[in-house]
Amino acid sequence: MVSSGRIVAEGPPTTIGHRDQARARIRYRLTGGATPPAGLSAPPGPDGLIELAPDDLTAALHRLTGWALEQHVELNGLEVIRPSLEDVYLQLTDDPAVQPGAEPASTTSADGKGRRRS
């Protein structure tokens with residue numbers, strides 16, 4: 001992977017930027033003011049989703065879904081996310097000259113749709 005004329009990463013796509021070792025994230029939304037078990041919550045983001053990156057993904061999902069079943073709470077939008085190659089690329093090639101709070105640069109994907117860097 002090249003950025004500004006420099007090689008910033010090389011190797012198979014699954015290992016670039018240690019993507020194969022990166023922690024998966026759990027995202028979900030609660031309704032009705034329920035409070036999840038300790039260690040399985042965080043302040044909701046602007047989209048209302050709670051996001052966390054547990055050390056043990058399987059154990060965290062088991063605790064979270066077990067709690068939700070016992071409490072009759074729905075975990076809306078529940079998903080497990082692993083960093084995509086695009087996420088790693090944007091992290092490795094991020095321009096440090098961009099000032100915090102500045103408008104993110106737009107990129108165009110292979111399908112021709114514009115995307116915002118975040």
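The rules behind the values
- The residue numbers shown here count from 1 along each chain, following its written sequence.
- Whole-chain, interface and lining totals are the exception, using all residues; otherwise, since this is a predicted model, local features are given only for residues with pLDDT of at least 70 and side-chain atom pairs are given and counted only at 80 or more.
- Calculation of side-chain values draws on the structure's entire complement of heavy atoms; hydrogens and water are dropped beforehand.
- Side-chain atoms within 4.5 Å link the members of a nonpolar core, which is a set of buried Ala, Val, Leu, Ile, Met, Phe, Trp, Tyr and Cys residues.
- The rule is simple: take the accessible area with a 1.4 Å probe, protein chains only, and divide by the maximum for that residue type; under 20% is buried, over 50% is exposed, in between is partly exposed.
- Segments assigned H or I by DSSP are reported as helices when at least four residues long, segments assigned E as strands when at least two residues long, and all are numbered from the N terminus.
- Whether two residues are in contact is decided by their heavy atoms: any pair within 4.5 Å suffices.
- Pairing between two strands requires that DSSP report at least two bridges joining them.
- Throughout, an axis means a line fitted to C-alpha atoms (over the contacting stretch in the case of helices), and angles, computed between N-to-C directions, take values from 0 to 180 degrees.
- A carboxyl oxygen of Asp or Glu within 4 Å of a side-chain nitrogen of Lys or Arg is what we treat as a salt bridge.

A. Here's a closer look at the nonpolar core. Core analysis: the biggest nonpolar cluster contains 14 residues, and I26, Y28, L30, L52, L64, W67 and L75 have the highest contact counts within it. Considering every element that reaches this core, the biggest residue donor is helix 1 (residues 57–71), with five residues. Those residues in contact with L64 that sit more than four places away from it in its chain are I26, Y28, P36, L40, L75 and L78.

B. Just the sheet that holds strand 5 (residues 76–81), in detail. The three strands are arranged 4-3-5 in an open sheet whose pairing can be described as antiparallel. Edge positions in the sheet fall to strand 4 (50–52) and strand 5, since each has one partner strand and no second. Across the sheet, the mean angle separating the axes of adjacent strands is 10 degrees when strand polarity is ignored. As paired elements, strand 3 (residues 25–29) and strand 4 share three bridges and run antiparallel to each other. Looking at the pairing, R27 lines up with E51 of strand 4. Each of strand 3 and strand 5 touches helix 1; the most contacted strand, strand 3, lies at about 15 degrees to it.

C. Inspection of the pattern of salt bridges at higher detail. This structure, assessed with the given rule, holds four salt bridges. A salt bridge links R27 to D47, with the nearest nitrogen and oxygen atoms 3.0 Å apart. Of this pair, R27 sits in strand 3 while D47 sits in the loop between strand 3 and strand 4, and the two are 20 residues apart along the sequence. A residue is classified by how much of its surface remains accessible, and D47, at 39% relative accessible area, is partly exposed.

D. Representation of the side chain of R27 in the model. For R27, a relative accessible area of 15% translates into the label buried. With near-sequence residues (within four places) excluded, R27 lies in contact with D47, L49, I50, E51, G77, L78, E79 and I81.

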